[in-house]
Amino acid sequence: MSLTDTVVTAARNAWALTFGPGVSSPDPAPSTVLWDEPHRLLRRYEGVHPAASEDAAVLLVPPLAAPASCFDLRPEHSVVRFLLETGRRPYLVDYGEITFADRRMGMEDWIDDILLESVLRVSADRGGAPVDLVGWSLGGTLALLTAAANAHLPIRSVTAIGSPLDYDEMTGIPQVRAVASLTGGLATSTAIRAAGGVPAPLTRLAYRVTAWDREVKRPWFIAENLARTEMLARMESVDRFMAEMPGYPGRFYGQLWGRLILANDIGRGVLRLGERDIALAEVTAPVLLIGGPEDVITRAAAVKAGTRLLTGAAKVRYEAVPGSHLGILTGASARETTWAHLDEFLTEGA
């Protein structure tokens, strides 16, 4: 690129970032809505590559407090498009916005209703074929709990990417428990109940705090890449992702705080919900676990813990990949690492 072209591109990008709509616009993969009810919008993605077989159905499971767009950030960073390219038919369940009115929703709503019904509908759409679940972050944990609690579901495999399966291995948890022990956890639980959950602005702030170095370096990153439209477009896609983060329902977060963070039920292999126990050992399908040694939100050890907890699974495979929490799912190296492992795992189970 000539000096003149560089200057023109830099000026155009500077204008777009400052006064315009940005250097790029979202370009989601084409999809068809199959089911649209509160907190359970189910999409089937369409592509030019036909599914290799009727049983090539993959249900993408996002976490709470993160937009479902995590699986389709940009065409070059899209798990959805990769699955289509490899001859599979991806589906996605989107929980939408979480408000004060949803404060009574708990983990059971996902395990026994939202995800259960999504699996059944995806299977029915593929002529009764079994479904591969692929979850990111807490979405992977919920996918495993759904499989454990509902042995009758037509689940062929479960992939959990950056999913916490032992909170003793999570960064900062010992300190959090020490503070909570001073009040018996009442300060946090009382505040969450009063607010009806964790509001979206707070989840967005929390995510930005975990990526503080990115926030601090942002002005320098823009200055250094002002003439590199593609680099700025990547930055924008992450910015949009962070700006769209929803919140947690009050009851769900209360369970997350009490049963997972404080009691670490999941790390002991059995989640206690009221009078009911859900054991990870009840998962019988093959499982792929993917962790990131550079992930500061879910440490790799917290993901790898699944290799000792999922004792009933047909097989459990763990892979370590580079990148941040979002990066291991859809970062610059995901195609050669996470997606390659996923493709191999799904092919083995075909």
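Our subject in this report is the structure included herewith. Keep in mind that what you see is a predicted model, and the values were worked out from it rather than measured. (Residues numbered from 1 in each chain as written. Predicted model: local features only at pLDDT ≥ 70, side-chain atom pairs only at ≥ 80, totals over all residues. Heavy atoms only, no water.)

### As for the environment of I155
Its place among the elements puts I155 in strand 6 (residues 155-161). Residue class for I155 comes out buried when judged on its relative accessible area of 15%. C-alpha of I155 to C-alpha of V119: the two residues are 36 residues apart in sequence and 7.6 Å apart in space. In this view, I155 contacts V119, V131, L133, A147 and A285; residues no more than four positions away in its chain are not counted. (Helix = DSSP H or I, 4+ residues; strand = E, 2+ residues; numbered from the N terminus. Buried < 20%, exposed > 50% of the residue type's maximum accessible area, 1.4 Å probe, protein only. Contact = heavy atoms within 4.5 Å.)

### Looking at the sheet that holds strand 3 (residues 57-61)
In spatial order, the strands read 1-2-4-3-5-6-11-12; together these eight strands make up an open sheet with mixed pairing. Looking along the sheet, the strands with just one partner apiece sit at the ends: strand 1 (31-37) and strand 12 (316-320). The average angle at which neighbouring strand axes cross in this sheet is 20 degrees, direction not considered. The sheet contact formed by strand 5 (residues 131-136) and strand 6 spans six bridges and is parallel. In the strand pairing of strand 6, L133 is matched with V158. Set on the sheet, helix 3 (residues 107-125) makes contact with strand 1, strand 2 (40-45), strand 3, strand 4 (89-94), strand 5 and strand 6; between it and strand 2 the angle comes to about 30 degrees. Against the sheet, helix 14 (residues 338-348) engages strand 3, strand 5, strand 6, strand 11 (287-291) and strand 12, with an angle of about 165 degrees to strand 6. (Pairing = 2+ DSSP bridges. Axes fitted to C-alpha atoms, helices over the stretch in contact; angles between N-to-C directions.)

### Focus on unusual backbone geometry
Positive phi, normally seen in glycine, also occurs at H39, with a value near 65 degrees. Looking at the element boundaries, H39 is found in the loop between strand 1 and strand 2. Backbone geometry at S137 places phi at a positive 55 degrees, although glycine is not the residue there.

### Quick word on helix 4 (residues 138-149)
A rise of 1.5 Å per residue sets the reference length of helix 4, with its 12 residues, at 16 Å; its end C-alpha atoms lie 16 Å apart and thus fit the reference within 8%. Here helix 4 has its buried residues at L138, G139, G140, T141, L142, A143, L144, L145, T146, A147 and A148. (Expected span 1.5 Å × (residues − 1).)

### Thoughts on the pairing of strand 6
Within strand 6, seven of the seven residues are buried, leaving the element largely enclosed by the surrounding structure. Since strand 5 and strand 6 lie parallel, the crossover through helix 4 that links them has a hand, and here it is right-handed. (Right-handed = clockwise from strand over helix to strand, strands pointing away.)

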